[in-house]
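An overview of the molecular structure
Single-letter residue listing:
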Amino acid sequence: MVLKLWDGLNDPFVGFLSDHTEHPLGPRIPWLLYGAIPLGVFVAASWWTPPGGIWIKFAVLVVIASCTQIAYTCVNLPYSALAAELTPDINLRTRLNAARFTGSILAGLSGVVIAAMVGVKVNECGGGAGLRGGAFLEMGLIGGLVVAVGTLACGWGLKPFAKHCQQPSGKKEPIKQQLLRISRNGRFLKVLGLYLLLWCALQLMQTVALLYFNVVMQVPSNWSTWILVPFQISALLGLQLWSWVSSRWGRIAALRSGGLMWIVACLVAMLLIPLDGAVAPMGSFSNGLNFVLLVATILAVGLGGSTAFLIPWSLLPDAIDADPEKPAGLYTAWMVVIQKFGIGLSIFVLGNVLTLSGYKACTASILLPSSALTTIRLCMGLIPAVLVVLGLLVMRRWPRRMHPIALNP
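Residues numbered from 1 in each chain as written. Predicted model: local features only at pLDDT ≥ 70, side-chain atom pairs only at ≥ 80, totals over all residues. Heavy atoms only, no water.

**Considering the pattern of salt bridges**
Counted by the stated rule, this structure contains five salt bridges. In this structure, Asp19 and Arg28 form a salt bridge, with 2.7 Å as the shortest nitrogen-oxygen distance. For the pair shown, Asp19 and Arg28 are each scored as buried. Residue Glu85 is joined to Arg28 by a salt bridge in which the shortest nitrogen-to-oxygen separation is 2.7 Å. Here Glu85, found in helix H3 (residues 54-85), pairs with Arg28, found in the loop between helix H1 (2-19) and helix H2 (29-45); they are 57 residues apart in sequence, far enough to count as distant. As far as burial versus exposure is concerned, Glu85 and Arg28 are alike and both buried. Overlapping salt bridges bring together Arg93, Arg251, Asp318 and Asp321 as one network. (Salt bridge = Lys/Arg side-chain N within 4 Å of Asp/Glu carboxyl O. Buried < 20%, exposed > 50% of the residue type's maximum accessible area, 1.4 Å probe, protein only. Helix = DSSP H or I, 4+ residues; strand = E, 2+ residues; numbered from the N terminus.)

This is the structure:
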């Protein structure tokens, strides 16, 4: 809760500063170049376990995580704003966002590979399991180096283009005026609603995924972690697929196609038959069939769920263009703020709902009440499906042609 509140508060501040940065390289690139090293240092420090009692560890964690989040915001928010400023071409903007989230997913996959290489692993109850000495330190150093070098390379590569791209007006306005500007931009409110609904659905599924695999579907813990890899790969392929569909038939058509696939996959996931926990996943015909169906469903979820990455961010530049001032940093900041608060609230509610349903961590499924198992199934199936349906309804009347709209009183 502390981190989400802090993270939400610093986004508008960084967005405002980025919009009003004056530099020969433009307002965005300096943030990437100067923020790369601090971000890498704090990412590395996140893997440090300080000495002392639990409250000392907790306090140090909050401080390091808060510094990491502000450093990440200083890099990511100006970087995200560039997608709306580098080009006015709609299809190219969609491809830029597809490339952006392709990198994000590849980074997630590389994190899994690096962790496996250095020997970082945890058991289902959260404790270290067979941890090699120094593995956390190595993970932090490698992760911090990758983040710092990758950010510097990104900023350096974008330098020639960012100097000549669309620039914000730099007009200063108080927070009240910012909120008024946002509230009068109907296109931005639609994109914001879509983003919030799709990301809450995606975050909900990702949060309960391991519980769903281990507790409900009876997949062994050493298998369930790797099921997330096919999800990442299918999401990666989905970005390319929906980017292509967007260029041929439009972004709303891609959203509807991907959303429908996502909804169907969610409902199927809710109804799948669990494996026999006494037999290996491929130890019998029935177990093998159920496991294959589970993996196929996860692939479909990743393929459809990739629209949550691509489409809202591809539509955001249209909303920014509707504003004559075109403050991309401002709109990007508020989009991220509300998304973070929405996800933070949804995860808070999920934790309490699971507790009320009778779920207890590290408890065998046969000892859990049926209400807990049903709740996990609903969080993996029906609830995300309803959120995606609502997202599609929000975008029913998205304008085909974009014209600037008057936002100032």
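Now that the structure has been shown, we can carry on.
**Points about the packing of helix H7 (residues 186-216) against helix H12 (residues 328-356)**
Axis angle and axis distance: for two packed helices, these are the angle between their axes and the distance between the axes, and together they describe the pair. At a minimum axis separation of 9 Å, H7 and H12 run at an interaxial angle of 35 degrees. Crossing handedness for the pair H7 and H12: right-handed. Between H7 and H12, the contacting residues are Phe188, Val191, Leu192, Tyr195, Leu196, Trp199, Cys200, Gln203, Leu204, Thr207, Val208 and Leu211 on the first element and Tyr331, Trp334, Met335, Ile338, Gln339, Gly342, Ile343, Ser346, Ile347, Leu350 and Leu354 on the second. Taken together, the residues of the contact of H7 with H12 break down into 18 nonpolar, five polar and no charged. (Axes fitted to C-alpha atoms, helices over the stretch in contact; angles between N-to-C directions. Left-handed = near helix turned anticlockwise from the far one by under 90°. Contact = heavy atoms within 4.5 Å. Nonpolar A, V, L, I, M, F, W, Y, C, P; charged D, E, K, R; others polar.)

**Concerning H2**
The terminal C-alpha atoms of H2 lie 25 Å apart, and with 17 residues this matches the ideal 24 Å at 1.5 Å per residue to within 8%. The largest bend in H2 comes to about 45 degrees, at Gly35, with the proline Pro38 one to four residues further on. Buried residues along H2 sit against H1, H3 and helix H5 (135-162). (Expected span 1.5 Å × (residues − 1). Bend = angle between axes of the 7 residues up to and from the residue.)

**Some points on the side chain of Ser306**
Within the secondary structure, Ser306 sits in the loop between helix H10 (285-305) and helix H11 (307-321). Note on Ser306: relative accessible area 0%, which makes it buried. For Ser306, the side chain forms a polar contact with the side chain of Trp242, separated by 3.2 Å. Sequence-distant contacts of Ser306, that is, excluding residues within four places in its chain, are made with Ala235, Gly238, Leu239 and Trp242. (Polar contact = N/O pair within 3.5 Å; in protein donor to acceptor, adjacent residues only side chain to side chain.)

**A few points about the nonpolar core**
Ranked by size, the top nonpolar core spans 80 residues in total, and within it Phe188, Tyr212, Trp262 and Leu294 carry the most contacts. Tallying contributions element by element places H7 first for this core, with 20 residues. Excluding anything up to four places from it in sequence, Tyr212 contacts Met217, Ala269, Leu272, Leu294, Ile376 and Met380. Formed by six residues, the second largest nonpolar core is a distinct cluster that contains Leu25, Leu82, Leu158 and Cys165. (Core = buried A, V, L, I, M, F, W, Y, C linked by side-chain atoms within 4.5 Å.)

**With respect to the side chain of Lys159**
Residue position: Lys159 is located in helix H5. Lacking a salt bridge, the buried Lys159 has Glu85 as its closest oppositely charged neighbour, with an N-O distance of 17 Å. Residues contacting Lys159, with those up to four places away along its chain left out, are Leu25, Ile29 and Leu33. (Lys, Arg positive; Asp, Glu negative; His and termini not counted.)

**Let's talk about the environment of Lys360**
You can see Lys360 is positioned in the loop between H12 and helix H13 (370-380). Residues Lys360 and Ala372, spaced 12 residues apart in sequence, show a C-alpha to C-alpha distance of 8.7 Å.

**Here we look at H11**
Over its 15 residues, H11 extends 22 Å from the first C-alpha to the last, a length consistent with the 21 Å expected when each residue adds 1.5 Å. In terms of burial, H11 is largely enclosed, as 14 of its 15 residues are buried.

**Some remarks on the packing of aromatic side chains**
Enumeration over the complete set of coordinates arrives at nine aromatic pairs. Note on Trp47 and Phe136: the rings are 5.8 Å apart at their centroids and 40 degrees apart in plane angle, and the pair reads as tilted. Within this pair, whereas Trp47 is found in the loop between H2 and H3, its partner Phe136 is found in helix H5, the two being separated by 89 residues in sequence. By way of ring pairs, the aromatic residues Phe101, Tyr195, Trp199, Phe309 and Trp313 are connected into one cluster. Geometry around Trp156 places Lys159 over its ring, the cationic atom sitting 3.6 Å from the centre. (Phe/Tyr/Trp six-rings, centres within 6.5 Å; stacked < 30°, edge-to-face > 60°. Lys NZ or Arg CZ within 6 Å of the ring centre and 35° of its normal.)

**Observations regarding unusual backbone geometry**
With phi around 60 degrees, Gln218 is a residue other than glycine that occupies positive phi space. One can find Gln218 in the loop between H7 and helix H8 (221-249).

**Considering a nonpolar patch on the surface**
A cluster of nonpolar side chains, contributed by Leu267, Leu382, Ile383, Val386, Val389, Leu390 and Leu393, occupies part of the molecular surface with about 510 Å² of accessible area. Among the elements that make up the nonpolar patch, the one with the highest residue count is helix H14 (residues 382-394) (six residues). Take Leu267: it is sitting in helix H9 (residues 251-271). Note on Leu267: relative accessible area 32%, which makes it partly exposed. (Patch = residues over 30% accessible without salt bridge, like charges linked within 9 Å, V, L, I, M, F, W, Y side chains within 5 Å. Areas by Shrake-Rupley, 256 points an atom, 1.4 Å probe, with all protein chains shown as cover.)

**So, the packing of H7 against H9**
Closest axis-to-axis distance for the H7/H9 pair is 13 Å, and the angle between their directions is 30 degrees. By the criterion of interaxial angle, the relationship of H7 to H9 is roughly parallel. Taken as a pair, H7 and H9 cross one another with a handedness that is left-handed. In this structure, H7 contributes Leu194, Leu198, Ala201, Leu202, Met205 and Tyr212 to the contact, and H9 contributes Leu255, Trp262, Cys266 and Ala269. (Parallel < 35°, antiparallel > 145°, perpendicular 65-115°, else oblique.)

**Regarding the confidence of the model for the chain**
Per-residue confidence for the chain gives a mean pLDDT of 83; residues scoring 70 or more make up 90%. Across residues 403-409 the pLDDT falls below 50, and counting only partners more than four positions away or on other chains, this stretch makes 23 contacts in the model. (pLDDT = per-residue confidence, 0-100.)

**So, the environment of Val43**
As for its placement among the helices and strands, Val43 is situated in helix H2. Apart from the residues within four sequence positions on either side, Val43 is in contact with Thr68, Gly143, Gly144 and Val147.

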